[in-house]
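Structural characterization, general
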Amino acid sequence: MRAIESLNLQRTLRVLLLLNQVYIFLQRIFNRDIFIMNDNLKPICVDLDGTLIFSDTLAELFLRMIKHRAYYIFLVPIWLMRGRSALKYELSRRFSKYVNNLPFNGELVEYLKKEKESGRKIVLVTACEENLAKKVVSPLGLFDEIYGSGRGLNLKGSAKAEFISSKFGDGNFAYAGNSSDDIKVWERSAGMLIVNTSDRLRDKVVSSNPGKPAKVFCGCGNGFKDFLKAVRIHQWTKNLLVFLPLFLSHTYMDLLKIIDCFVAFLAFSLCASATYIINDIFDIESDRLHAYKKNRPLAAGNFSVTNALIVVPLFIALSVVLAYIVSVKLLFFLAIYAIATLSYSFWLKRIILIDVILLAILYMFRIQYGAVATDVYVSFWLASFSIFFFLSLAFLKRYVEIMDISGCAGAVRGRGYVESDKNMISVMGICSGMVSVLLFVIYIDASAKDLYVQPTNLMYASVLLIYFICSIWIAASRGKVHSDPIIYAIKSKESYIIAAAFIVIFLSAQPIIQH
């Protein structure tokens, strides 16, 4: 009888062990591993770059150098010859004052706070320059000890593993890290906090340390989705204006022109995305303080500065090649656009009225660019209508930004407008929109008969224009348009209904196809 009871007990224990293994396996699949390391409350050593913060302090310092003292770039090779730690020290000594509001890993911070409350010592050990590391984490009030790189020591990889082991001893600490450089540290730890890593690296670390307690923090964002947000793929809809000359000249049956226009569209969009990323890189400080822009991938740390610095030259190179395929003249126009938009981003957007005028011109430039790609002439009517219509949208963009600071003292961050400008901006914006409608009506009477069998049918389009302009301005005044009117238009069902109605009206006017 006792033998049977012993056998049943053994079977029960085996089943329980099997169920425990299955549970741990499932937890690892869903990135929710159980972390149990309460013996003697061993300290947790935490990495900074990519672990505690969703950014890289060296990349942040490099960007501040380019923005505030670009000529220092010639000293970088000299500093680097003295070692990576020397480079970090020299950059930090000069530019750490500009590094603020870095995005913390909220999930990890909350976990560390709970562990600290339980009596565990929390230690920061980072390859970041030590003084900068102290400044970055000081708002948290979380760490008992802080160690960072100095002039002759770069706390990374094996050097970090040796340093931590000399402080606490092998197997007497847990470690939170995020990269393959941390593998040596995890090997000598008692427990592993695996933060913001790829599935491949996570599995490698867990399998090479069997039986060691591990907790996985999923990290930030979705890689490809954040990439699309960083390049502002939704803004490519604005670049569809490149096709407008082809469409309005009624030469859309010419296959070669369609191909040239499509290649030109890709070239322009890639170039525009590169300038958007450059703008986000240099505006990263102010974006992190903005109510909505702080969620942009670069500002939030979901898309790394390092990746951004790779994407920019790649996109520029691709855009140059594609533009050159169409024509050398198109490449010249692309260069003008890049210079103009970067001038706006770095300087002109801070000058009132000049900024909105340049925004309208940049919209108009897309149409001119499309005309060059398809060898089509831009008429006076199209040019004048476009300038006033896009001027209305540019004023709307500024109006929305002013609405965002309502009730706050001071000017719009990075702009020259104050809250008292709101009414004047709305008047100028609505008037600009109505002038564009007036020009459109005059065009129908004066010149549309050369391109349409029933030009008077286009009058119905003027009603749609009035409705669109008025409705989006009313929505803005009610606080429904946030940051970018283009995003609002894309998300609004009304926009698609209006676009469909425009197409119906255009077809009813019976355009005369050009061959």
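Starting from 1, residues in each chain are numbered consecutively following that chain's sequence as written. Local features in a predicted model are, by the rule used here, given only for residues with pLDDT of at least 70; side-chain atom pairs are given and counted only at 80 or more, and totals for whole chains, interfaces and linings are based on all residues. As a convention, hydrogens and water are excluded, and side-chain values are obtained from all of the structure's heavy atoms.

**Examining the overall build of the protein**
Check the secondary structure of the protein and you find 22 helices and six strands. Summary of the burial criterion: residues with accessible area below 20% of their type's maximum are buried, those above 50% are exposed, and those between are partly exposed, where the area comes from a 1.4 Å probe applied to protein chains only. The buried share of the protein, reckoned over its 515 residues, is 49%. Residue contacts are defined here by distance: any two heavy atoms, one from each residue, within 4.5 Å place the two residues in contact. Put simply, of all contacts in the protein between residues at least 6 apart along the chain, 67% involve residues at least 24 apart. Accessible area for the protein stands at about 25,500 Å²; split by element, carbon and sulfur atoms hold 64% of it. Only DSSP runs of H or I with at least four residues qualify as helices, and only runs of E with at least two residues qualify as strands; both kinds are numbered from the N terminus onward. Computed with a 1.4 Å probe, the accessible areas rest on the Shrake-Rupley method; for each residue, only the protein chains presented here act as cover.

**So, the sheet that holds strand 4 (residues 174-177)**
Here, a strand pair is defined by DSSP locating no fewer than two bridges between the strands. Read across the sheet, six strands follow the order 3-2-1-4-5-6 without closing on themselves; strand pairing throughout is parallel. Two strands close off the open sheet at either side, each with one partner strand: strand 3 (145-149) and strand 6 (214-217). Adjacent strand axes in the sheet meet at a mean angle of 15 degrees, parallel and antiparallel pairs treated alike. Where helix 5 (residues 106-117) meets the sheet, its contacts fall on strand 1 (44-46), strand 2 (122-129), strand 5 (191-195) and strand 6, and the angle it forms with strand 1 comes to roughly 150 degrees. The sheet contacts of helix 6 (residues 130-137) involve strand 2 and strand 3, and relative to strand 2 the element is tilted by about 125 degrees. As a rule, the C-alpha atoms of each element are fitted with a line to give its axis, helices using only the stretch in contact, and angles between N-to-C directions run from 0 to 180 degrees.

**Quick word on the pattern of salt bridges**
Side chains that differ in sign of charge can pair as their charged atoms come close. For salt bridges, the criterion is a side-chain nitrogen of Lys or Arg within 4 Å of an Asp or Glu carboxyl oxygen. Throughout the structure, instances matching the rule amount to 24 salt bridges. Its salt-bridge partner being E60, residue R288 comes within 2.7 Å of it at the nearest N-O pair. Separated by 228 residues along the polypeptide, R288 in the loop between helix 13 (284-287) and helix 14 (297-300) and E60 in helix 2 (residues 57-68) bring together distant segments of the chain. The two residues R288 and E60 agree in class, both being buried.

**Concerning helix 16 (residues 328-346)**
Its 19 residues give helix 16 an end-to-end C-alpha distance of 27 Å, which sits within 8% of 27 Å, the value for a rise of 1.5 Å per residue. Tucked into the core, helix 16 has its buried residues touching helix 12 (255-282), helix 15 (305-326), helix 17 (354-374) and helix 18 (380-404). For a helix, the expected span equals 1.5 Å multiplied by the number of residues minus one.

**Considerations on a nonpolar patch on the surface**
The patches described consist of residues with a relative accessible area above 30% and no salt bridge, like charges being joined within 9 Å and nonpolar side chains (Val, Leu, Ile, Met, Phe, Trp, Tyr) within 5 Å. Together, L255, L256, I258 and I259 give the surface a local cluster of nonpolar side chains, amounting to about 390 Å² of exposed area. Among the secondary structure elements, I259 is positioned in helix 12. Taking relative accessible area as the criterion, I259 reaches 43% and is therefore assigned partly exposed.

**Comments concerning the packing of aromatic side chains**
The description of an aromatic ring pair rests on the distance of the ring centres and on the angle between the ring planes. Note on aromatic pairs: the rings of Phe, Tyr and Trp (six-membered ring only in Trp) are paired at centre separations within 6.5 Å, and the planes decide the class, stacked below 30 degrees, edge-to-face beyond 60, tilted for the rest. The tally for this structure, following the rule as stated, stands at 29 aromatic pairs. Members of the aromatic cluster, each reached through a chain of ring pairs, are F268, F332, F333, Y337, F365 and Y369. Whether a charge lies above a ring is judged from NZ of Lys or CZ of Arg, which has to be within 6 Å of the ring centre and within 35 degrees of the ring normal. The ring centre of F217 lies 5.4 Å from the NZ or CZ of K215, which sits over that ring.

**A few points about unusual backbone geometry**
Of note in the backbone geometry, R232 takes a positive phi value of approximately 50 degrees without being a glycine. When you line up the elements, R232 lands in the loop between helix 10 (223-230) and helix 11 (244-248). Its identity as a non-glycine residue notwithstanding, Q510 has a phi of 55 degrees, on the positive side. As for its position among the elements, Q510 is in the segment after helix 22 (493-508). Of the residues examined, Q510 reaches a relative accessible area of 38% and is grouped as partly exposed.

**Quick look at the pairing of strand 2**
Across the eight residues of strand 2, eight count as buried, placing the element largely inside the fold. Judged from the three bridges that link them, strand 1 and strand 2 form a sheet pairing that is parallel. Its bridge partner being in strand 2, I44 is matched across the sheet by I122. In terms of strand pairing, strand 2 meets strand 3 through four bridges, oriented parallel. Looking across to strand 3, one finds that E129 is bridged to S149. A crossover counts as right-handed when, viewed with the strands pointing away from the observer, the path leading from the first strand over the helix to the second turns clockwise. With helix 6 bridging strand 2 and its parallel neighbour strand 3, the resulting β-α-β unit is right-handed.

**With respect to the confidence of the model for the protein**
Mean pLDDT over the protein stands at 87; residues scoring 70 or higher make up 89%. Confidence scores here are pLDDT values: one per residue, from the predictor, ranging 0 to 100. Confidence drops under a pLDDT of 50 for residues 25-38, and excluding neighbours within four residues, the segment shows 29 contacts in the predicted structure.

**Considerations on helix 6**
Turning to helix 6, its buried residues are L132, A133, V136 and V137. One side of helix 6 carries all its buried residues, which in axial view fall inside an arc of 120 degrees. Against helix 2, helix 4 (84-95), strand 2 and strand 3 lie the buried residues of helix 6. One side-chain oxygen at the N-terminal end of helix 6 lies 3.1 Å from the backbone nitrogen of N131; it belongs to E129. Here the arc refers to the directions that run from the helix axis out to each C-beta atom. Definition of a polar contact: a pair of N or O atoms within 3.5 Å, with one able to donate and the other able to accept a hydrogen when the atoms are protein atoms, and with sequence-neighbouring residues admitted only if both atoms are side-chain atoms.

**Describing the packing of helix 12 against helix 16**
One can describe the packing of helix 12 onto helix 16 by two numbers: an axis separation of 10 Å at closest approach and a directional angle of 20 degrees. Between helix 12 and helix 16, the interaxial angle falls into the category roughly parallel. The handedness of the crossing between helix 12 and helix 16 comes out as right-handed. Residues A264, A267, F268, C271, A272, T275, I278, N279 and F282 of helix 12 form the contact with helix 16, whose own contacting residues are L330, L334, Y337, A338, T341, L342, S345 and F346. Across the contact of helix 12 with helix 16, the residue classes tally to 13 nonpolar, four polar and no charged. Angles are sorted into four bins: roughly parallel if under 35 degrees, roughly antiparallel if over 145, roughly perpendicular if 65 to 115, and oblique for all others. Handedness of a crossing follows from how the near helix is turned relative to the far one, being left-handed for an anticlockwise turn of less than a right angle and right-handed for a clockwise one. Side-chain classes are defined by residue name, with Ala, Val, Leu, Ile, Met, Phe, Trp, Tyr, Cys and Pro counting as nonpolar, Asp, Glu, Lys and Arg as charged, and the others, Gly among them, as polar.

**Focus on the nonpolar core**
In this structure, L330, Y369, F389, F390 and L458 are the most contacted members of the largest nonpolar core, which totals 70 residues. Taken together, the elements giving at least two residues each to this core come down to helix 12, helix 15, helix 16, helix 17, helix 18, helix 19 (422-446), helix 20 (459-477) and helix 22. The dominant element in this core, judged by the number of residues it contributes, is helix 17, at 13 residues. With residues near it in sequence (within four places) discarded, Y369 still touches V242, A264, A267, F268, L330, F333 and L334. Grouped together as the second largest cluster of nonpolar side chains are 35 residues, L48, Y72, L124 and V137 included. The set of buried Ala, Val, Leu, Ile, Met, Phe, Trp, Tyr and Cys residues whose side-chain atoms join them within 4.5 Å is what this entry labels a nonpolar core.

**Some words on the environment of R350**
For R350, the position within the fold is in the loop between helix 16 and helix 17. Placed 66 residues apart in sequence, R350 and G416 show a C-alpha to C-alpha distance of 5.2 Å. For R350, the side chain forms a polar contact with the main-chain oxygen of F346, separated by 2.7 Å.

**Some remarks on the environment of F388**
Topologically, F388 is positioned in helix 18. Separated by 47 residues in sequence, F388 and V435 have C-alpha atoms that sit 6.5 Å apart. Excluding its chain neighbours within four sequence positions, the residues that come into contact with F388 are S432, G433, V435, S436 and L439.

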